[in-house]
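# Structure assessment
These are the residues of each chain, in order.
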Amino acid sequence: MLIHLPRLISRWSRTHSRALACIGGVSISRYATAVTYTMLPVTAAFLYGEWWAGVFLGVFNFFQAFIGDPIAGNLADRIGSKIVVLIGIGFVAMAGILWFFIPLNNLVALSVFAALVFLGFSFRDESLAYLLRVSGREEGGLIFGFAENVYAVAHLLAALSVPYFVAGGRSMLMALIMVLSSVFAFIILVRLPNDREAILVNGIKQSFNPLVVIKLGWHFVRKNQWHPILTLGSFTFEGIFYGVLWFAIPLEIANLTNLGSLEGLGLGIYEIVTIILAGVSGYLADRYNWLKIHNIGWILAAAGAVGFIFNSSPFWLIALGAVIGIGNNFFAFAASHALEKYDDDHDGDGSFFGLTNMLSDAGYAIGPIMAGFFYARGGFRASLGFAAAVTVILAIAMIITAQRVRKRLS
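Bear in mind the structure is a predicted one, so any value in this text is a computation, not a measurement.

Our focus in this paragraph is the nonpolar core. Ranked by size, the top nonpolar core spans 111 residues in total, and within it Phe 113, Met 178, Phe 241 and Phe 353 carry the most contacts. Residue contacts for Phe 241: discarding those within four places in its chain leaves Tyr 270, Phe 308, Ile 324, Ala 387 and Thr 391. Ranked by size, the runner-up nonpolar core spans 11 residues in total, among them Leu 230, Ile 293, Ala 334 and Ala 402.

This is the structure in structure tokens:
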């Protein structure tokens, strides 16, 4: 078996060359923007304080959720998700150029920069629609899991880089990285075939109506026997939970005098777990009982999050984060398996991911706002308590929903 492994890997790589190129190009951009995201609340907190930093980040996540995501989702169904992703890469490059020449030390400059970055997020995340369209029905868990494997490497490197950039004030270097990463990502992605037969179709003006993507995304959910709700739940969790962590932990790091590797690993542990387990979780969901994997995942995530209430030391943040990360991988890629297997409406993939991104980014808006509120009044542990409460509520709702959806599909 091992003798044939290189041949099998080579064959699999050729078969999935479009998906692999998409994943590779997007991952390069993700490193730069992940570091940038952690620097936004620190910059805003330095200028206006923790509470207003949370409000600032929340406002632009709402901007992404209700302006950027609907436009990107609608356009992906009309001109193709590949073109939309390339536009997103362009927004990131523009933000880097702005940062390189204009200091982000006033509200106007910081707001323009944030608008470009968050539009870049919205458009680039339609790469999920591209992967859904080029993947087979029985391999959704593996393809999306492998994508998260690669993205997790980029996010881990970003998390470990946070103390270096936050404590060192190396903004010019970060701006340069944003521009160069966008150039390399564009070179990789521009050669991919588009995922739509027509470049322009009727109804292009509707792409700028946020209500359209909600209507079409919900139509996708109903047409596909309600199983996409599991993906919506996964994205909602990731938005709120990681929205809290990527806001609160960088603030805690910025307030520490003695920085060590454990502080960066408080964020990086989720990426380490994903590097190890994302593809495996997706494979297990594709081959075995995806419903059990989904429910076990939510139980693990809820149990780990509750542990935050009792201890928030760096060591326990890492240990509990590992448990939550395992659970997150299990339920996320079980949902991805169901999404690919039962997808009967590929024409609506872009709108659906526009809707999922709306929920995720609304969570990334609510998370920092609430984390800033609790952080200002009860400190770091109070903000983690909010994340724990949300996780438990979502876990109960998703386990019940999964049981009902599985009965509908059987």
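To continue, consider empty space enclosed by the protein. The final tally for this structure, using the stated rule, is 2 cavities of 30 Å³ or more. Of the volumes computed, that of the largest cavity is approximately 940 Å³. Arg 30, Glu 148, His 155, Glu 238 and Tyr 364 are, among the 37 residues lining the largest cavity, the residues nearest its centre. Tallying contributions element by element places helix α13 (residues 314-341) first for the lining of the largest cavity, with 8 residues. Its residues assigned to classes, the lining of the largest cavity shows 17 nonpolar, 13 polar and 7 charged. What lines the second largest cavity is Cys 22, Ser 81, Lys 82, Val 85, Leu 86, Tyr 130, Leu 189 and Leu 192. It is helix α4 (residues 81-101) that provides the largest number of residues to the lining of the second largest cavity, a total of 4 residues.

Another aspect to go through is a nonpolar patch on the surface. Side chains of Ile 97, Phe 100, Phe 101, Ile 102, Tyr 164, Met 172, Leu 173, Leu 176, Leu 180, Val 183, Phe 184 and Ile 187 sit close together on the surface and give an oily, nonpolar patch of about 1,100 Å² of accessible area. Where the nonpolar patch is concerned, the elements lending two or more residues are α4 and α8 (171-189). Element by element, the count of residues in the nonpolar patch is highest for α8, at 7 residues. Mapped onto the elements, Phe 100 comes out in helix α4. Residue classification places Phe 100 among the partly exposed residues on the basis of a relative accessible area of 37%.

Moving on, we come to helix α9 (residues 210-223). Helix length check: α9, at 14 residues, gives a terminal C-alpha distance of 20 Å against a target of 20 Å (1.5 Å per residue), a fit within 8%. Listed in full, the buried residues belonging to α9 are Val 212, Val 213, Gly 217, Phe 220 and Val 221. Trailing α9 by a residue or two, Gln 225 shows a phi angle of about 60°, which is positive.

Before going further, it helps to spend a moment on the packing of helix α2 (residues 17-48) against helix α6 (residues 127-134). Following both chains from N to C, one finds α2 and α6 inclined at 165°, their axes separated by 9 Å at the closest point. The angle between α2 and α6 places the two elements in the roughly antiparallel class. Considering how the two elements wind past one another, α2 and α6 form a crossing that is left-handed. In contact with Arg 18, Ala 19, Cys 22, Ile 23 and Val 26 of α2, α6 contributes Ser 127, Tyr 130, Leu 131 and Val 134. Residues belonging to the contact of α2 with α6 are distributed by class as follows: 7 nonpolar, 1 polar and 1 charged.

Turning our eyes to something else, we now look at the packing of α2 against α4. Taken N-terminus to C-terminus, the directions of α2 and α4 make an angle of 45°; their axes are 11 Å apart at the nearest point. Between α2 and α4, the angle falls in the class oblique. The two elements α2 and α4 meet at a crossing, and its hand is left-handed. Residue-level inspection shows Val 26, Ser 29, Thr 33, Thr 36 and Met 39 of α2 in contact with α4, the latter providing Val 85, Ile 89, Val 92 and Trp 99.

This part is about the pattern of salt bridges. Following the criterion strictly, the structure yields 2 salt bridges and no others. When the shortest N-O distance is used, the salt bridge between Asp 125 and Arg 30 registers 3.8 Å. Taken together, the positions of Asp 125 in the loop between α5 (107-124) and α6 and Arg 30 in helix α2 put the pair 95 residues apart, joining distant regions of the chain. Exposure class is identical for Asp 125 and Arg 30. Each is buried. Notably, a salt bridge pairs Arg 133 with Asp 77, separated by 2.5 Å at the nearest N-O pair. Placement of Arg 133 in helix α6 and of Asp 77 in helix α3 (residues 50-78) is noted, with a sequence separation of 56 residues between them. A relative accessible area of 10% places Asp 77 in the buried class.

With that settled, consider the packing of aromatic side chains. Summed over all chains, the structure comprises 23 aromatic pairs. Summarising the aromatic geometry, the rings of Phe 60 and Phe 63 are spaced 6.2 Å apart at their centres and angled 70° between planes, so their arrangement reads as edge-to-face. Here Phe 60 pairs with Phe 63, and both are found in helix α3, just 3 residues apart, close to one helical turn. Ring centres of Tyr 242 and Tyr 270 lie 5.3 Å apart, and the angle between their planes is 85°; this geometry places the pair in the edge-to-face category. One end of the pair, Tyr 242, is in helix α10 (residues 228-255); the other, Tyr 270, is in helix α11 (residues 261-287), with 28 residues separating them in the sequence.

Attention now goes to the side chain of Ser 234. Counting through the fold element by element, Ser 234 comes out in helix α10. Judged by its relative accessible area of 2%, Ser 234 falls in the buried class.

Rules of the game
Residues numbered from 1 in each chain as written. Predicted model: local features only at pLDDT ≥ 70, side-chain atom pairs only at ≥ 80, totals over all residues. Heavy atoms only, no water. Core = buried A, V, L, I, M, F, W, Y, C linked by side-chain atoms within 4.5 Å. Buried < 20%, exposed > 50% of the residue type's maximum accessible area, 1.4 Å probe, protein only. Contact = heavy atoms within 4.5 Å. 1 Å grid on protein atoms, 1.4 Å probe; cavity = no way out; pocket = protein on both sides within 12 Å on 5 of 7 lines; lining within 4 Å. Points joined across faces, edges and corners; volume = space filled by probe spheres on them. Helix = DSSP H or I, 4+ residues; strand = E, 2+ residues; numbered from the N terminus. Nonpolar A, V, L, I, M, F, W, Y, C, P; charged D, E, K, R; others polar. Patch = residues over 30% accessible without salt bridge, like charges linked within 9 Å, V, L, I, M, F, W, Y side chains within 5 Å. Areas by Shrake-Rupley, 256 points an atom, 1.4 Å probe, with all protein chains shown as cover. Salt bridge = Lys/Arg side-chain N within 4 Å of Asp/Glu carboxyl O. Expected span 1.5 Å × (residues − 1). Axes fitted to C-alpha atoms, helices over the stretch in contact; angles between N-to-C directions. Parallel < 35°, antiparallel > 145°, perpendicular 65-115°, else oblique. Left-handed = near helix turned anticlockwise from the far one by under 90°. Phe/Tyr/Trp six-rings, centres within 6.5 Å; stacked < 30°, edge-to-face > 60°.

Nothing here speaks to function; it is all geometry.
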